[in-house]
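# Structural features, examined
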Amino acid sequence: MSERALAERFNEVVLPHLGDALALARWLTGNAADAEDVVQDACIKAHAGISGYAGGNARAWLLTIVRNTSYTWMARNRPRGMMAVGDLGDLEDMAAAHGTSLSDEDGPEVSLIARADTAALEAAIAALPQPFRETLVLRDINGLSYREIAAMLDVPMGTVMSRLARARSLLASELGRAP
């Protein structure tokens with residue numbers, strides 16, 4: 001393929017899913033600045049591999065690259081036991097990206113409660129063990145199918161379903177809404 005054809009294919013396959021790629025990287029890395037670095041690295045890898053893209057779900061293909069790049073980046077740039085958690089500015093950005101608002105339209109009390117709820121949910125998700133957090137984010141936030149997640153994580157579909165159930169149960173317990 002010519003450089004022009006590769007660039008056009010990259011634009012068609014990757015660019016429409018950059019928002020989802022950034023959201024996944026934010027969930028995995030814990031903050032916006034690191035997520036931007038990860039997505040930039042992932043885009044470089046996607047551009048290098050675009051000629052090998054065989055079709056199918058472009059979003060799942062890109063998110064797989066972002067996931068792998070996130071873990072490689074974190075292994076290189078963070079001590080093993082460290083997990084970054086974003087601040088309220090990151091939460092506002094994430095809420096806006098998901099079509100929700102943390103504005104003061106309904107009054108400062110409502111806004112403060114919404115921010116506290118969002119922060120509690122973010123903290124609860126961040127506290128999940130990595131396999132559960134990853135599965136929950138891929139399914140409930142990024143909307144990937146069980147089959148896509150199983151292929152991405154290289155695990156059986158039953159494992160995806162059990163991890164998701166366990167993650168949801170742990171979240172419900174952590175947030176005080178035991179099933």
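Our structure is the block above this text.
Residues numbered from 1 in each chain as written. Predicted model: local features only at pLDDT ≥ 70, side-chain atom pairs only at ≥ 80, totals over all residues. Heavy atoms only, no water.

Further remarks concern the side chain of Ser70. When you line up the elements, Ser70 lands in helix H4 (residues 58-77). For Ser70, a relative accessible area of 0% gives the class buried. If sequence neighbours within four positions are ignored, Ser70 has contacts with Ala25, Leu28 and Val38. (Helix = DSSP H or I, 4+ residues; strand = E, 2+ residues; numbered from the N terminus. Buried < 20%, exposed > 50% of the residue type's maximum accessible area, 1.4 Å probe, protein only. Contact = heavy atoms within 4.5 Å.)

This paragraph deals with the pattern of salt bridges. Tallied over the entire structure, the rule returns 5 salt bridges. For Glu134, the salt bridge identified is with Arg67, shortest N-O distance 2.3 Å. Here Arg67 lies in helix H4 and Glu134 lies in helix H7 (residues 130-141), a separation of 67 residues in the sequence. Residue Glu134 is classed as buried on the basis of its relative accessible area, which comes to 3%. On the basis of relative accessible area, Arg67 is assigned to the buried category, the value being 14%. (Salt bridge = Lys/Arg side-chain N within 4 Å of Asp/Glu carboxyl O.)

This part is about the nonpolar core. Among the nonpolar cores identified, the biggest contains 42 residues, and Val14, Leu24, Ile50, Val66, Leu136, Leu138 and Leu144 are the most heavily contacted of them. Of all the secondary-structure elements, those providing two or more residues to this core are helix H1 (3-13), helix H2 (18-29), helix H3 (32-49), H4, helix H6 (108-127), H7, helix H8 (146-153) and helix H9 (157-174). No other element matches the 8 residues that H4 contributes to this core. Setting aside residues no more than four positions away along its own chain, Val66 makes contact with Ala21, Leu24, Ala25, Val38 and Ala42. (Core = buried A, V, L, I, M, F, W, Y, C linked by side-chain atoms within 4.5 Å.)

Further remarks concern H4. The terminal C-alpha atoms of H4 lie 28 Å apart, and with 20 residues this matches the ideal 28 Å at 1.5 Å per residue to within 8%. Within the span of H4, buried status applies to Ala58, Arg59, Ala60, Leu62, Leu63, Ile65, Val66, Arg67, Thr69, Ser70, Trp73 and Met74. Packing partners of the buried residues in H4 comprise H1, H2, H3, H7 and H8. Where H4 begins, the capping side chain belongs to Asn57, and its oxygen is found 3.0 Å from the backbone nitrogen of Arg59. (Expected span 1.5 Å × (residues − 1). Polar contact = N/O pair within 3.5 Å; in protein donor to acceptor, adjacent residues only side chain to side chain.)

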